[in-house]
Amino acid sequence: MSTLRNVMIYSRYERFWHWSQAVLIFILFFTGLRIHGTHEILTFGLAVTIHTWAAITLMVLWVFTTFWNFTTGQWRQYLFKQGIVKVIRFYAWGILVGEPHPYKKSLQRKQNALQSLAYMTFMTLIGPALWATGIAYLLYNLWSHFAWSNEALWIVAILHTAAAFAMGTFVIIHIYMTTTGKTPLHYVKTMITGYDKVELSEVEAAYLAETKSVDVQ
Ligand code: HEM
């Protein structure tokens, strides 16, 4: 027998890093586009200063979050899962004709297969491409005297900008996906309050009640 309970699936730290990462990425995209020359809402110098400090803050946040992911075992949530084709089919078609979502959330599987793949790409490709090229950019003065520095700076700028646009695309799709819950704001509320309805087996419910490791309402 299982019961549907209101469970804290996103802990306080998880919500903190999620929202602070979101704010920092918006700031970085906005100031990065100014540096790139897409708009002139800020002066170039101010954009560079804000971009640099927001980037340093984001990299510190990523270090803490990687540590948190490994020490809490939450990294397992991001591993490849079966059933990705069913999830893609749901978002391409099933969602339009009112089919139920093919995946049920559990405490051990908070993300569906498509989400895990998207977040894994974010963490292993887009994120590292941004910080690696960003750090190379920041340290330009250390390698500007080499004969190859002009060509290298050009490559760094192209890769950084390409990764920034990949990040922008990720964010737009991510925001669209957040509106596809029971109501358009359901998933956003979950990431604010931490609570969502999750099917708990009798054993899980008893374990959580006994250990109080996760809050269940
Ligand atoms: C994660 C660490 C990051 C670091 C260390 C970093 C660092 C830098 C630096 C040093 C510059 C050049 C500033 C100058 O010209 O003096 C730059 C430019 C830029 N950054 Fe970042 N950045 C990071 C993340 C991001 C993110 C997350 C985005 C967007 C989502 C982004 C978008 C851009 C863009 C569009 C430019 C302009 C590129 C150009 O046209 O040359 N950056 N970044």
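Residues numbered from 1 in each chain as written. Predicted model: local features only at pLDDT ≥ 70, side-chain atom pairs only at ≥ 80, totals over all residues. Heavy atoms only, no water.

Around the ligand, the surrounding shell holds 21 residues, and the nearest of these are H36, H51, A55, Y137 and H160. In the model, a nitrogen atom of the ligand is placed 2.8 Å from a nitrogen or oxygen of the H160 side chain. Looking at the shell around the ligand, the elements with two or more residues in it are α1 (12-36), α2 (44-72), α4 (113-138) and α6 (149-178). When residues in the shell around the ligand are grouped by element, the largest group, six residues, is from α4. Partitioned by chemical class, the residues of the shell around the ligand number 15 nonpolar, six polar and no charged. (Near = heavy atom within 4 Å. Polar contact = N/O pair within 3.5 Å; in protein donor to acceptor, adjacent residues only side chain to side chain. Helix = DSSP H or I, 4+ residues; strand = E, 2+ residues; numbered from the N terminus. Nonpolar A, V, L, I, M, F, W, Y, C, P; charged D, E, K, R; others polar.)

The next point concerns a nonpolar patch on the surface. On the surface, a cluster of nonpolar side chains totalling about 890 Å² of accessible area is made up of W53, I56, V60, F64, W131, I135, L138, L139 and L142. Listed by contribution, the elements that provide at least two residues to the nonpolar patch are α2 and α4. Among the elements that take part in the nonpolar patch, α2 stands out by supplying four residues, more than any other. If you trace the backbone, L139 turns up in the loop between α4 and α5 (140-143). Accessibility expressed as a relative area gives 41% for L139, which makes it partly exposed. (Patch = residues over 30% accessible without salt bridge, like charges linked within 9 Å, V, L, I, M, F, W, Y side chains within 5 Å. Areas by Shrake-Rupley, 256 points an atom, 1.4 Å probe, with all protein chains shown as cover. Salt bridge = Lys/Arg side-chain N within 4 Å of Asp/Glu carboxyl O. Buried < 20%, exposed > 50% of the residue type's maximum accessible area, 1.4 Å probe, protein only.)

For the chain, the mean per-residue pLDDT works out to 93, and 100% of the residues sit at or above 70. Across the chain, α1 holds the top mean pLDDT of 98, while strand β1 (residues 2-8) sits lowest at 87. (pLDDT = per-residue confidence, 0-100.)

Time to look at the coordination of the iron atom of the ligand. Each protein donor to the iron atom of the ligand is listed here as H51 (NE2) and H160 (NE2); together their distances run 2.0 to 2.1 Å. Each of the six donor atoms bound to the iron atom of the ligand contributes to angles spanning 86 to 179°, and the resulting shape is octahedral. On the criterion of sequence distance, the pair formed by H51 in helix α2 and H160 in helix α6 is long-range, its members being 109 residues apart. There is no split in this pair, since H51 and H160 are both buried. (Donors = N, O, S within 2.8 Å, 3.2 Å for Na, K, Ca; no water. Tetrahedral: all angles 85-135°; square planar, octahedral: opposite > 155°, others 65-115°.)

Our focus in this paragraph is the packing of aromatic side chains. Each aromatic ring pair is described using two quantities: the centre-to-centre distance and the angle formed by the ring planes. This model, assessed by the stated rule, comprises 11 aromatic pairs. Taken together, a centroid distance of 5.1 Å and an interplanar angle of 75° make the contact between F90 and Y91 edge-to-face. Across the pair, exposure class does not vary: F90 and Y91 are buried alike. Between Y140 and W143, the aromatic rings sit 5.0 Å apart at their centres with planes inclined by 85°, giving edge-to-face as the arrangement. Remark: W143 and Y140 occur in helix α5; sequence separation between them is three residues, near one turn of the helix. Pairwise contacts between aromatic rings join Y78, Y119, F122 and F170 into one cluster. (Phe/Tyr/Trp six-rings, centres within 6.5 Å; stacked < 30°, edge-to-face > 60°.)

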